[in-house]
Amino acid sequence: MCLPYFYIAGFPKCGSTDLWYKIIKHPDVIEVCKEPHWWPWRQYGTEKLPTCQKEASKTTNTIGKPQSSIEWYLHFYRTQGAVKEIVKSNRYKSFHPKVFGDASVSTSYGTVGNFFSKYELIDEQFSMTIPKLLYSATPNAKIIIILRDPVDRYYSGYNYSPYGRTKGSPTDFHNQTVEAIDCFKRCLLIHSPYYCVHHLEFCKSHSHGYLDKLPLGMYSIFMKDWLDVFPRNQLYILTLTELRNQPVRTLRDIFQFLELSPYEINTSEKRPVNSRKYPDMLQETKILLQELYRPYDQELVHILNDTKFSFSS
């Protein structure tokens, strides 16, 4: 049995789908279902997810185990033929050149709902985190995290949501943003930033759209959980801007990070991505969000020692 060799752990609406389809074009990367969402959601009982439904049902029917079990997760890839492909690729006796990955973006932030209630908070810090769980099971895993300007990410997510698709507008987004910021600040009066950022459902009861996703752009809070566990050389952190503007160089660097053979893909080939056209947000909304995210952007620049992450400066 095999666990994924690499993870595209996040974040949502940051280009993970485009990145995934580019990576799996490498001849030594086995294509499997992109987002099983096992680490944050399935293992805690959430089975009715919109992704990998066919593959999930096949796995359950094959082994008769609940989706929350590690056996189920291992067989999830076996039933897709990944293990068979790896064994066939054994050209060097003890070395298998073919690998597969898990691109569930919820892995980066999924400490909500069932997960949030499972683990105690000590001084408002989780006693267990997804990075800790993942590291305990597969300490040599390679983690790829793609980030985007948090203001653009939040607006994209709103417009991509079921509510935003049907009823969204720049004015409605502004009103929801004002309410979401107010809700987040009320949380900060009682709790730490770590608690408020991770407890994404704090504002759920006030939301008819996308309010509870506001903290996802506070990347530095989430990144500290990853950096506390994984060595820096097992984390590859990039921006959507890099992928868009320098796809050849970016993919070359990622393949090197994954220790795959050099390979140049056709980056001009159109692949399915989660995107749609929508009107620009109001300038006043943009200013509000930039002010909110700026301290977290500055902290991210500091902990990663790289100014390319200064999105809101």
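Quick note: structure is the one above.
Below you will find a few notes about this structure.

Criteria and thresholds
Residues numbered from 1 in each chain as written. Predicted model: local features only at pLDDT ≥ 70, side-chain atom pairs only at ≥ 80, totals over all residues. Heavy atoms only, no water. Disulfide = S-S within 2.5 Å. Helix = DSSP H or I, 4+ residues; strand = E, 2+ residues; numbered from the N terminus. Buried < 20%, exposed > 50% of the residue type's maximum accessible area, 1.4 Å probe, protein only. Salt bridge = Lys/Arg side-chain N within 4 Å of Asp/Glu carboxyl O. Core = buried A, V, L, I, M, F, W, Y, C linked by side-chain atoms within 4.5 Å. Contact = heavy atoms within 4.5 Å. Axes fitted to C-alpha atoms, helices over the stretch in contact; angles between N-to-C directions. Parallel < 35°, antiparallel > 145°, perpendicular 65-115°, else oblique. Left-handed = near helix turned anticlockwise from the far one by under 90°.

Our focus in this paragraph is the state of the cysteines. All told, the structure shown has two disulfides when counted by the stated rule. At a sulfur-sulfur separation of 2.0 Å, the disulfide partner of Cys33 is Cys52. A torsion of -105° about the S-S bond marks the disulfide between Cys33 and Cys52 as left-handed. On the criterion of sequence distance, the pair formed by Cys33 in the loop between α1 (16-23) and α2 (53-63) and Cys52 in the loop between α1 and α2 is long-range, its members being 19 residues apart. As far as burial versus exposure is concerned, Cys33 and Cys52 are alike and both buried.

Counted by the stated rule, this structure contains seven salt bridges. One salt bridge connects Lys22 with Asp18, and the closest N-O pair in it is separated by 2.7 Å. Here the residue Lys22 and the residue Asp18 both occupy positions in helix α1, the gap between them amounting to four residues, near one helical turn. Given a relative accessible area of 8%, Lys22 falls into the buried group. A relative accessible area of 19% places Asp18 in the buried class. One salt bridge connects Lys142 with Glu259, and the closest N-O pair in it is separated by 3.1 Å. In this pair, Lys142 sits in strand β5 (residues 142-147) while Glu259 sits in the loop between α13 (247-257) and α14 (283-304), placing the two residues 117 residues apart along the sequence. Classification of Glu259 by relative accessible area gives exposed; the value is 62%.

Among the nonpolar cores identified, the biggest contains 86 residues, and Ile23, Ile143 and Ile144 are the most heavily contacted of them. The element best represented in this core is α14, accounting for seven residues. Those residues in contact with Ile143, other than ones at most four positions away along the chain, are Tyr7, Ala9, Leu134, Trp226, Phe230, Gln234, Leu235, Tyr236 and Phe257.

For the rest of this paragraph, the subject is the packing of helix α9 (residues 170-188) against α14. Packed helices, taken two at a time, are described by the angle between their axes plus the distance between the axes. The geometry of α9 relative to α14 is characterised by a closest axis approach of 9 Å and an angle of 30° between their N-to-C directions. The angle between the axes of α9 and α14 places the two elements in the roughly parallel class. In this structure, the crossing between α9 and α14 has a hand that is left-handed. Across from Phe173, His174, Thr177, Val178, Ile181 and Phe184 in α9, the residues of α14 making contact are Glu284, Thr285, Leu288, Leu289, Leu292 and Tyr296.

All we've got here are geometric facts, nothing functional implied.
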